[in-house]
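One-letter residues, chain by chain:
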Amino acid sequence: MAELINNTEIQERASQLSGWTVEGKQLRSTRLFKDFIEAIAFVNKLVASSEAAAHHPDIEISYNKVTLNLTTHDAGGLTEKDFALAQEISTLD
C-alpha cells in the first residue's frame, strides 16, 4: 500500500501544481472547455496515463466542465501516486 504524505509536504507539493487545489484528502482540478465534445476528448486523454500509473481519478463531467479528484482510496488520503498523476495530467491540453 502507498504511504500517506504528511500535511506539510502536501501543501508544498500542491503549491507546485498549477490548477490543482487540496480539498480534504483529495487533489482537485476543474477544467472548462468550449463544449461537451472537447470535454470528452480531454477525458479520453486521461486513459493512457491513468492506466500506466494504475491509478485513476474520480471524474465529474457537466457539459463543458470536467472536475478531477485524486486520492489514494486504499491508503485513506494523498500519496505520491496522486501527485505524480496530477503532474502528468497537468501536461495534457
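Residues numbered from 1 in each chain as written. Predicted model: local features only at pLDDT ≥ 70, side-chain atom pairs only at ≥ 80, totals over all residues. Heavy atoms only, no water.

Caption draft 1: Structural detail: the pattern of salt bridges. All told, the structure shown has four salt bridges when counted by the stated rule. The shortest N-O distance in the salt bridge between Glu80 and Arg13 comes to 2.7 Å. Note that Glu80 is positioned in helix α3 (residues 80-90) and Arg13 in helix α1 (residues 7-15), a separation of 67 residues in sequence. Overall, the relative accessible area of 43% leaves Glu80 in the partly exposed class. Its salt-bridge partner being Arg28, residue Glu23 comes within 3.7 Å of it at the nearest N-O pair. The exposure class of Glu23 is partly exposed, given its relative accessible area of 40%. What you see here is one network of salt bridges that share partners, running through Glu9, Arg13 and Glu80. (Salt bridge = Lys/Arg side-chain N within 4 Å of Asp/Glu carboxyl O. Helix = DSSP H or I, 4+ residues; strand = E, 2+ residues; numbered from the N terminus. Buried < 20%, exposed > 50% of the residue type's maximum accessible area, 1.4 Å probe, protein only.)

Caption draft 2: Local environment of the sheet that holds strand β4 (residues 65-70). The strand order across the open sheet built from four strands is β1-β2-β4-β3, with neighbouring strands paired in antiparallel fashion. The open sheet has two edge strands, β1 (21-23) and β3 (58-62), and neither has a second partner. Geometrically, the sheet is characterised by an average inter-axis angle of 25° between neighbouring strands, direction not taken into account. As judged from the five bridges shared by β3 and β4, these two strands associate in the antiparallel manner. Bridge pairing in β4 links Ser62 to Lys65. (Pairing = 2+ DSSP bridges. Axes fitted to C-alpha atoms, helices over the stretch in contact; angles between N-to-C directions.)

Caption draft 3: View of the packing of helix α2 (residues 36-53) against α3. Put simply, α2 and α3 touch, their axes get as near as 10 Å, and they point 135° apart. Taken together, the axis directions place α2 and α3 in an arrangement best described as oblique. Between α2 and α3 the crossing geometry is right-handed. The residues of α3 that touch α2, namely those facing Phe42, Leu46, Ser49 and Ser50, are Leu85, Glu88 and Ile89. (Parallel < 35°, antiparallel > 145°, perpendicular 65-115°, else oblique. Left-handed = near helix turned anticlockwise from the far one by under 90°. Contact = heavy atoms within 4.5 Å.)

Caption draft 4: Structural context of the nonpolar core. Core analysis: the largest hydrophobic core is formed by 20 residues, its most contacted members being Trp20, Leu27, Phe42, Phe83 and Ile89. For this core, the secondary-structure elements that each account for two or more residues are α1, α2, β4 and α3. If near-sequence neighbours (up to four positions away) are discounted, Leu27 is found in contact with Leu17, Trp20, Thr21, Val22, Leu68, Asn69, Leu70, Leu78, Asp82, Phe83 and Ala86. (Core = buried A, V, L, I, M, F, W, Y, C linked by side-chain atoms within 4.5 Å.)

Caption draft 5: Just the pairing of strand β2 (residues 26-32), in detail. By the alternation rule, side chains of β2 split into Leu27, Ser29 and Arg31, which are all buried, and Gln26, Arg28, Thr30 and Leu32, of which none is buried. For β1 and β2, the ladder comprises three bridges, and the chain directions are antiparallel. What sits directly across from Val22, in β2, is Leu27. Between β1 and β2, which pair antiparallel in sequence order, lie two residues; one of them, Gly24, sits at a positive phi of approximately 65°. Where β2 lies against β4, six bridges are found, and the strand directions are antiparallel. Counted as the bridge partner of Leu27 is Leu70 from β4.

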